[in-house]
Amino acid sequence: MAKIEIIDLCKDYEANGTTTVHAVKNANLTVNDGEVVVIIGPSGSGKSTLLRTVNKLETATSGHILIDGVDVTDPGTDIRKIREEVGMVFQSFNLFPHLTVLDNVIIGPVKVLKMDKRKARELGLSLLRRVGLEEKADVHPSQLSGGQQQRVAIARALAMKPRAMLFDEPTSALDPEMIKEVLDVMLELAKSGMTMLLVTHEMGFARAAADKVIFMDAGEIIESGTPEQMFTNPKSGRTKSFLDHIL
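Residues numbered from 1 in each chain as written. Predicted model: local features only at pLDDT ≥ 70, side-chain atom pairs only at ≥ 80, totals over all residues. Heavy atoms only, no water.

Reading across from one edge, E2-E1-E4-E5 is the order of the 4 strands in this open sheet, with antiparallel pairing throughout. Each edge of the open sheet is held by one strand with a lone partner, namely strand E2 (19-31) and strand E5 (70-71). Both strand E1 (residues 4-15) and strand E4 (residues 62-67) contribute to a ladder of 5 bridges, which runs antiparallel. The partner of Glu 5 across the bridge, within E4, is Leu 66. (Pairing = 2+ DSSP bridges. Helix = DSSP H or I, 4+ residues; strand = E, 2+ residues; numbered from the N terminus.)

As for its placement among the helices and strands, Glu 223 is situated in strand E10 (residues 220-225). No salt bridge is formed by the buried Glu 223, whose closest oppositely charged neighbour, Lys 235, lies at an N-O distance of 4.9 Å. Excluding its chain neighbours within four sequence positions, the residues that come into contact with Glu 223 are Val 213, Ile 214, Phe 215, Gln 229, Met 230, Pro 234, Lys 235, Ser 236 and Thr 239. (Buried < 20%, exposed > 50% of the residue type's maximum accessible area, 1.4 Å probe, protein only. Lys, Arg positive; Asp, Glu negative; His and termini not counted. Salt bridge = Lys/Arg side-chain N within 4 Å of Asp/Glu carboxyl O. Contact = heavy atoms within 4.5 Å.)

Attention now moves to a positive patch on the surface. A cluster of basic side chains, namely Lys 111, Lys 114, Lys 117 and Arg 121, defines a positive patch on the protein surface. Under the relative-accessibility criterion, Lys 111 is labelled exposed at 57%. (Patch = residues over 30% accessible without salt bridge, like charges linked within 9 Å, V, L, I, M, F, W, Y side chains within 5 Å. Areas by Shrake-Rupley, 256 points an atom, 1.4 Å probe, with all protein chains shown as cover. Charge placed at Lys NZ, Arg CZ, Asp CG, Glu CD.)

Turning our attention to the packing of helix H3 (residues 101-111) against helix H4 (residues 117-130). Between H3 and H4, the least distance of the axes is 9 Å, while the angle of their chain directions is 125°. In terms of their interaxial angle, H3 and H4 are classed as oblique. The way H3 lies across H4 gives a crossing that is right-handed. Where H3 abuts H4, its residues Val 101, Leu 102, Val 105, Ile 106, Pro 109 and Val 110 lie against Lys 117, Ala 120, Arg 121, Leu 123, Gly 124, Leu 125, Leu 127 and Leu 128. In terms of residue class, the contact of H3 with H4 is built from 11 nonpolar, 1 polar and 2 charged. (Axes fitted to C-alpha atoms, helices over the stretch in contact; angles between N-to-C directions. Parallel < 35°, antiparallel > 145°, perpendicular 65-115°, else oblique. Left-handed = near helix turned anticlockwise from the far one by under 90°. Nonpolar A, V, L, I, M, F, W, Y, C, P; charged D, E, K, R; others polar.)

So, on to the nonpolar core. Ranked by size, the top nonpolar core spans 51 residues in total, and within it Leu 128, Met 165, Phe 167, Met 186 and Met 196 carry the most contacts. In contact with Phe 167, not counting residues within four places along its chain, are Leu 51, Val 89, Ile 154, Met 186, Leu 189, Met 196, Leu 197, Leu 198 and Val 199. One finds Ile 4, Ala 27, Ile 82 and Leu 166 within the second-largest nonpolar core, a separate group that totals 26 residues. (Core = buried A, V, L, I, M, F, W, Y, C linked by side-chain atoms within 4.5 Å.)

The final tally for this structure, using the stated rule, is 13 salt bridges. One salt bridge in this structure joins Glu 188 and Arg 130, with 3.1 Å as the shortest N-O distance. Placement of the pair is Glu 188 in helix H6 (residues 176-191) and Arg 130 in helix H4, with a sequence separation of 58 residues. Overall, the relative accessible area of 35% leaves Glu 188 in the partly exposed class. When the shortest N-O distance is used, the salt bridge between Glu 181 and Arg 151 registers 3.0 Å. Of this pair, Glu 181 sits in helix H6 while Arg 151 sits in helix H5 (residues 146-158); the two residues are 30 residues apart in sequence, bridging distant segments of the chain.

Take H3 next. Val 101, Leu 102, Asn 104, Val 105, Ile 106, Gly 108 and Pro 109 are the residues of H3 that are buried. Those residues of H3 that are buried lie in contact with H4 and H5.

Moving on, we come to the packing of aromatic side chains. Taken as a whole, this structure holds 1 aromatic pair when the rule is applied. Ring geometry for Phe 215 and Phe 242: centres 5.3 Å apart, planes at 40°, overall tilted. Linking Phe 215 in strand E9 (residues 212-217) with Phe 242 in helix H9 (residues 237-246), this pair joins segments that are 27 residues apart in sequence. Judged by relative accessible area, which is 1%, Phe 215 ranks as buried. If you follow Lys 11 out to its NZ or CZ, it ends over the ring of Tyr 13, 5.0 Å from the centre. (Phe/Tyr/Trp six-rings, centres within 6.5 Å; stacked < 30°, edge-to-face > 60°. Lys NZ or Arg CZ within 6 Å of the ring centre and 35° of its normal.)

Counting buried positions along strand E8 (residues 195-199) yields 5 of 5 residues, so the element is predominantly enclosed. The side-chain alternation of E8 yields two buried faces, one formed by Thr 195, Leu 197 and Val 199 and the other by Met 196 and Leu 198. As judged from the 4 bridges shared by strand E3 (residues 36-40) and E8, these two strands associate in the parallel manner. For Val 36, the partnering residue across the bridge sits in E8 and is Met 196.

Here it is in structure tokens:
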């Protein structure tokens with residue numbers, strides 16, 4: 001597993017060519033080896049931007065991100081290697097429609113890790129079993145529900161044998177009845193000791209799975225603490241107002 005350190009991170013955008021938007025401001029955050037850290041906050045607060053800088057889907061304006069001491073923000077760092085080791089699951093499932101479920105899961109190990117096809121199939125089937133979809137190995141994504149497609153996306157990320165996992169609002173595109181099946185897989189993953197950093201609106205999951213909860217607003221990390229502390233006795237008025245509004 002991996003340790004993720006975010007140090008004095010800033011991310012700025014140019015809006016309309018004139019205005020600078022400070023999407024993330026001086027963020028400091030540590031996700032220890034095997035820890036589950038959940039980022040919460042209102043829409044537009046910089047949560048997803050912060051998450052996406054970890055594997056350089058967004059390029060930080062300043063600051064540093066270290067994964068087991070390797071600086072992701074250093075231009076000399078091989079970002080492909082980082083992305084192999086840090087899996088990511090998005091709101092949209094991004095599965096290849098022309099491939100079967102199993103082939104979607106094993107394409108990374110075969111193409112990138114150069115794994116033997118037979119071994120990759122064994123790995124893929126074991127991961128589909130883990131997410132409860134082994135019987136769907138030979139169907140195409142269009143034949144699956146949204147919740148099933150997201151579970152395949154998780155299996156696909158795990159097939160690269162990542163040392164840490166990032167989740168960017170993985171249930172936000174799902175119907176309510178499909179959310180639980182995805183959260184159950186994520187909960188099992190958290191209990192297995194996987195290092196996880198995730199953005200979610202699912203406060204029940206944050207309470208059940210997180211070691212630490214981070215509240216962001218207007219690009220800043222306002223507060224962090226255990227789920228117990230954050231949900232029952234937040235220190236910041238902004239955190240309390242947000243939680244009062246959604247709980």
